[in-house]
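Here is how the chains run, residue by residue.
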Amino acid sequence: MYVVIYVEGSSDRDAMEFLLESLIAKKQERGIAIKFASVKGKHNQRGGDAKKDILIKMPERAVDFLRNQPQSIIALMPDLYPKNKGFPHETFAELERGIMERFSRALETKGLADDSRIRERFKVFCFQHDLEVLILAAEEQLKEYLGVDSFKISWQIPVEEQNHDLPPKRIVERLFESCGKKYQESTDAPLILGSANYQQISDRCPQSFKLFIDFMESLL
């Protein structure tokens, strides 16, 4: 089995590979290859819109891939933030519904509307509201990384309860600034999450991220 999870950027990809290294290795031993792929990679950082591409372009591309790769699964995992990009949505349920509607239309256009096997191999998840929600959930590792015992800045608990006006990334940036540092997601996120326990992170993010981890662990 081959599983590809599309995220928005290379920072998201690298951070997820570091966080889930043990789980990916365990599945590899059982013949399940898992790959994270970024829609917007290092060579095309400028221009384009990664979230919009995942929401609008990837459902149709997924249909083409899945019908030619019957042993594969594709999952899309965009940020929930910013809201209403690509189509109206503020919640994960609205995001998922919009993506699935585009996937269904692509199936119909290609004469595959009745192919339940393809539908079953297309999954939708999200970061609520962005990747940095996982860093807030890894509070112990974040403190150790920044060399502090406590933070002067607080955030909403559960961590997935942040909002579109102040998403997790903005909070993480402020936490770094309060320690006299600048947050660099391409390097800081993988290092922080690489020392965290993905199951603990999942427990602290029950609304969206846990759904993804449950899916990953269920792969046979």
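Quick look at the structure, then. (Residues numbered from 1 in each chain as written. Predicted model: local features only at pLDDT ≥ 70, side-chain atom pairs only at ≥ 80, totals over all residues. Heavy atoms only, no water.)

Points about the pairing of strand E3 (residues 72-76)
So, step 1. Burial within E3 is extensive, with five of its five residues counted as buried.
So, step 2. With five bridges connecting them, strand E1 (residues 2-9) and E3 associate as parallel partners. By the bridge assignment for E3, tyrosine 2 is matched with serine 72.
So, step 3. As paired strands, E3 and strand E4 (residues 122-124) are joined by three bridges and run parallel to one another. Within E4, the position partnered with isoleucine 74 by the bridge is phenylalanine 122. (Buried < 20%, exposed > 50% of the residue type's maximum accessible area, 1.4 Å probe, protein only. Helix = DSSP H or I, 4+ residues; strand = E, 2+ residues; numbered from the N terminus. Pairing = 2+ DSSP bridges.)

Looking at helix H1 (residues 10-19)
So, step 1. For H1, the buried fraction is high: eight of the ten residues fall into the buried class.
So, step 2. Where H1 is concerned, the buried positions are Ser10, Ser11, Asp12, Arg13, Asp14, Ala15, Met16 and Leu19.

Some remarks on the state of the cysteines
So, step 1. Taken as a whole, this structure holds zero disulfides when the rule is applied.
So, step 2. Distance from the sulfur of cysteine 126, which forms no disulfide, to the nearest cysteine sulfur (cysteine 205) is 11 Å. (Disulfide = S-S within 2.5 Å.)

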